[in-house]
Amino acid sequence: MSKFVFVTGGVSSSLGKGLTASSLGRLLKCRGLRVTMCKLDPYINVDPGTLNPFEHGEVFVTDDGGETDLDLGHYERFIDENLHRDSNATTGQIYSAVIAKERRGDYLGKTVQVIPHITDEIKERVRRLGRDDVDVVIVEVGGTVGDIEIVPFLEAIRQFRREVGRDNVCYLHLTLVPFLPTAGEHKTKPTQHSVTELRSRGIQPDVIVCRSEQPFPDSLKRKISLLCDVAPEAVVSAVDAPSIYEIPLVLHAEGLDAIVCDLLRLDGPEHEADLSGWVRVLDRVNAAHEVVRVGVIGKYVNLPDAYLSVAEALRHAGFSLGARVEVEWVQAEAVTGMLAAATLDGLDAIVIPGGFGERGFEGKVASAAYAREHGVPCLGLCLGLHAMVVDYARNVAGLAGANSREMDPVTPYGVIDLMNDQLEVVEKGGTMRLGAYVARLQPGSRVAELYGEETISERHRHRYEVNPRYRGRLEEAGLVCSGVESKDNRLVEFIELREHPFWIATQAHPEFKSRPDRPHPLFSGLVACALERAQSRTPRLLDLDAVG
Ligand code: GLN
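Everything numeric in this text was worked out from a predicted model, so none of it was measured.

Considering the overall build of the protein chain
Inference 1: Helix and strand counts for the protein chain come out as 18 helices and 23 strands.
Inference 2: Summarising its shape, the C-alpha atoms of the protein chain cover approximately 75 × 70 × 45 Å along the three principal directions.
Inference 3: Buried positions account for 55% of the 548 residues belonging to the protein chain.
Inference 4: Look at the contacts in the protein chain between residues 6 or more apart in sequence, and 74% of them connect residues 24 or more apart.
Inference 5: Entry remark: accessible area of the protein chain is about 22800 Å², with carbon and sulfur atoms responsible for 51%.

Thoughts on the site of the ligand
Inference 1: Around the ligand sit Gly-354, Gly-355, Phe-356, Cys-382, Leu-383, His-386, Glu-406, Arg-461, His-462, Arg-463, Tyr-464 and His-509, and those are all the residues in its vicinity.
Inference 2: In this structure, an oxygen atom belonging to the ligand sits 3.1 Å away from a main-chain N or O atom of Leu-383.
Inference 3: The contact in question runs from a nitrogen atom of the ligand to an N or O atom on the side chain of His-509, over 3.1 Å.
Inference 4: When contributions to the shell around the ligand are tallied by element, the ones reaching two or more residues are helix H15 (383-395) and strand E19 (455-462).
Inference 5: Classifying every residue of the shell around the ligand by side-chain character gives four nonpolar, five polar and three charged.

Brief notes about the sheet that holds strand E2 (residues 35-41)
Note: strands within a sheet are paired through backbone hydrogen bonds, in either parallel or antiparallel orientation.
Inference 1: Read from one edge to the other, the open sheet built from seven strands follows the order E5-E2-E6-E1-E7-E10-E11, with strand pairing classed as parallel. Among the strands making up the open sheet, the edge pair consists of strand E5 (88-90) and strand E11 (235-239). Pairwise comparison of adjacent strand axes, ignoring direction, gives a mean angle of 20° for this sheet.
Inference 2: Strand direction decides the pairing type here: E2 and strand E6 (residues 136-141), joined by six bridges, are parallel. Bridge assignment links Lys-39 to a residue of E6, and that residue is Glu-140.
Inference 3: Helix H3 (residues 71-79) rests against E2, E5 and E6 of the sheet, and its axis sits at about 170° to E2.
Inference 4: Packing of helix H8 (residues 218-228) onto the sheet brings it into contact with strand E10 (207-212) and E11, and relative to E11 it is tilted by some 135°.

Re the pairing of strand E21 (residues 480-485)
Inference 1: The buried fraction of E21 is high, at six of six residues.
Inference 2: As paired strands, strand E18 (residues 433-441) and E21 are joined by three bridges and run antiparallel to one another. Within the sheet, the bridge partner assigned to Leu-441 lies in E21 and is Gly-483.
Inference 3: When E21 meets strand E22 (residues 492-496), the two strands line up antiparallel, connected through four bridges. Bridge pairing in E22 places Val-480 opposite Glu-496.
Inference 4: What sits between E21 and E22 in their antiparallel hairpin is a turn of six residues, with Asn-489 showing a positive phi close to 65°.

A few points about the environment of His-271
Inference 1: As for its placement among the helices and strands, His-271 is situated in the loop between helix H10 (256-263) and helix H11 (276-287).
Inference 2: Residue classification places His-271 among the buried residues on the basis of a relative accessible area of 13%.
Inference 3: Sequence-distant contacts of His-271, defined by excluding residues within four places in its chain, comprise Arg-31, Leu-33 and Leu-266.

Side note on the sheet that holds strand E20 (residues 464-466)
Inference 1: Taking strand neighbours across the sheet as the criterion, the three strands line up as E16-E17-E20 in an open arrangement whose pairing is mixed. Looking along the sheet, the strands with just one partner apiece sit at the ends: strand E16 (403-404) and E20.

Focus on unusual backbone geometry
Inference 1: Cis geometry is found at the peptide bond from Ile-115 to Pro-116, where omega equals 10°.
Inference 2: Within the secondary structure, Pro-116 is located in helix H5 (residues 114-129).
Inference 3: In this model, Asp-229 sits at a positive phi of 60°, which is unusual for a non-glycine residue.
Inference 4: In this fold, Asp-229 is placed in the loop between H8 and E11.
Inference 5: Asp-229 gets classed as exposed once you look at its relative accessible area, which sits at 54%.

Section: the pattern of salt bridges
Inference 1: Applying the stated criterion across every chain, the model contains 40 salt bridges.
Inference 2: With a closest N to O distance of 3.1 Å, Asp-71 and Lys-39 form a salt bridge. Of this pair, Asp-71 sits in helix H3 while Lys-39 sits in strand E2, and the two are 32 residues apart along the sequence.
Inference 3: Accessibility expressed as a relative area gives 11% for Asp-71, which makes it buried.
Inference 4: Between Arg-459 and Glu-76 there is a salt bridge, with its nearest N and O atoms 3.2 Å apart. Here the residue Arg-459 occupies a position in strand E19, and Glu-76 occupies one in helix H3, the gap between them amounting to 383 residues.
Inference 5: One salt-bridge network, in which partners are shared between bridges, spans Asp-63, Glu-76, Asp-80, Arg-459, Arg-515 and Arg-518.

What to know about the nonpolar core
Inference 1: If you look at the biggest cluster of nonpolar residues, it comprises 46 residues, and the most contacted ones within it are Val-5, Ile-138, Val-207, Val-209 and Leu-256.
Inference 2: Among the elements that make up this core, the one with the highest residue count is helix H1 (residues 17-30) (six residues).
Inference 3: Setting aside residues no more than four positions away along its own chain, Ile-138 makes contact with Val-5, Val-7, Ala-21, Leu-24, Gly-25, Leu-28, Val-35, Thr-36, Met-37 and Cys-38.
Inference 4: Listed in part, the 41 residues of the second largest apolar core include Ile-352, Phe-361, Leu-383 and Cys-481.

Examining the packing of aromatic side chains
Inference 1: What the rule picks out here adds up to 13 aromatic pairs.
Inference 2: Here the aromatic rings of Tyr-245 and Phe-319 are separated by 5.4 Å at their centres, their planes lie at 90°, and the arrangement is edge-to-face. Of this pair, Tyr-245 sits in the loop between E11 and helix H9 (247-253) while Phe-319 sits in helix H12 (residues 308-320), and the two are 74 residues apart along the sequence. For the pair shown, Tyr-245 and Phe-319 are each scored as buried.

Side note on the pairing of E11
Inference 1: Taking burial as the measure, the five residues of E11 include four buried ones, the bulk of the element.
Inference 2: Note: E10 against E11, five bridges, orientation parallel. For Cys-210, the partnering residue across the bridge sits in E11 and is Ser-237.
Inference 3: With H8 bridging E10 and its parallel neighbour E11, the resulting β-α-β unit is right-handed.

Scoring rules and cut-offs
Residues numbered from 1 in each chain as written. Predicted model: local features only at pLDDT ≥ 70, side-chain atom pairs only at ≥ 80, totals over all residues. Heavy atoms only, no water. Helix = DSSP H or I, 4+ residues; strand = E, 2+ residues; numbered from the N terminus. Buried < 20%, exposed > 50% of the residue type's maximum accessible area, 1.4 Å probe, protein only. Contact = heavy atoms within 4.5 Å. Areas by Shrake-Rupley, 256 points an atom, 1.4 Å probe, with all protein chains shown as cover. Near = heavy atom within 4 Å. Polar contact = N/O pair within 3.5 Å; in protein donor to acceptor, adjacent residues only side chain to side chain. Nonpolar A, V, L, I, M, F, W, Y, C, P; charged D, E, K, R; others polar. Pairing = 2+ DSSP bridges. Axes fitted to C-alpha atoms, helices over the stretch in contact; angles between N-to-C directions. Salt bridge = Lys/Arg side-chain N within 4 Å of Asp/Glu carboxyl O. Core = buried A, V, L, I, M, F, W, Y, C linked by side-chain atoms within 4.5 Å. Phe/Tyr/Trp six-rings, centres within 6.5 Å; stacked < 30°, edge-to-face > 60°. Right-handed = clockwise from strand over helix to strand, strands pointing away.

Structure, rendered in structure tokens:
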């Protein structure tokens, strides 16, 4: 049967619970264990699809069309397993399911209550993840102990251990051990309080992972061990690491995976850790020296988490090419006319990422136009494709005033439009083309060459499409529609230009499938062109120096 690790957090949010859980997942995989992961989110939204990215960061999309928390992106990138919509559950989903059962009369006249009905539903969802082909399920509980919304989740995971047995469950609690400059020492009190809070819900942690900026002395570990009643070796220090890719190694050096395996009785010789694969990733990260600057022309640039997977995909591509990608966050609204040159010229490449709504769209169109006219490598993702098609329609195909109907419902040329006009959008949640769709790529096209195959699958999250009515006009004007959706043969999935170093866009979100050791071909293609541009720039500057 599967074993379960529950990860909770205390003291403060944003301590890196998702990365800690993901790193543990990776370490367990390095021990030959089959791992899956799940996030329980205490908020009431049914899924993060309706949450403003400013508030909550990106929505991570799974193959089966789940709109999930961005932590699932960390999980997939670290454990290298595709997750699914059931890998994320929110209070909203749990209550919806329970209320639907109540309406069907499933509770046979009983009063429906948080305990046992809500807690049973939570446990059932966790239990379902433990399948024959999974050794360990890591469950991260979102939020912080002490939050009102988290209480049913803590109660559910407390009960869970009773039901599946002591040796099948491990509770890992993440806290902060701050350094107080005025006192000149690290403080354990917040950790003690947080553990007390967890215990008041009936959960005694087995492992405490302590985040701190600087290493702290072993005497402090012994103090935490004594006061929080965990074994001294189960107090794990997680000092800030230079990059997120170091975290698994930091935690391994502290013995985290050993103690978890020990607690779960997974400590047989067949489960020795082999970290060589991850060390190779890290070697590549550390060897990446040549700097390339890639601009992401976005709307939510004040919260880079809104584009987390895009930034990660760019970095992964860089590692494989020995390059360190520096992401420049460019406010789309700031890119207009003359200013486009000033903003974009110094960049080695640009990405026009996905997004919703009108604000900043004209800046994205201007960026697409600038990149097209000046040979700047440019990759468009979803809304980015829309911006690039609009640019091409207006400025090359002669369709003045062309637009996406999302931005201008009365545009004379709706080159981007809703295709299923029968579908009236009455609800905002879950009404998009979501999840994996297969595309056929045009033989000999740039994208076919990059992917190295002609049938590919990518994840989607959008409503608007290239309007097939204008496809002929655009193609006559030189736009290459180099990939179409495989079943209907009509929906444009990829566009590109022949006479350009890299002006390529996709209706999909390829960023979700990039891995640290397996960069995505579109991002690799873009960063390779960016490198060339960066290298060609340096001698030019030197020449000018020589002349001067
Ligand atoms: N807003 C656009 C649409 O709904 C693009 C969505 C996106 O970029 N994810 O089609």
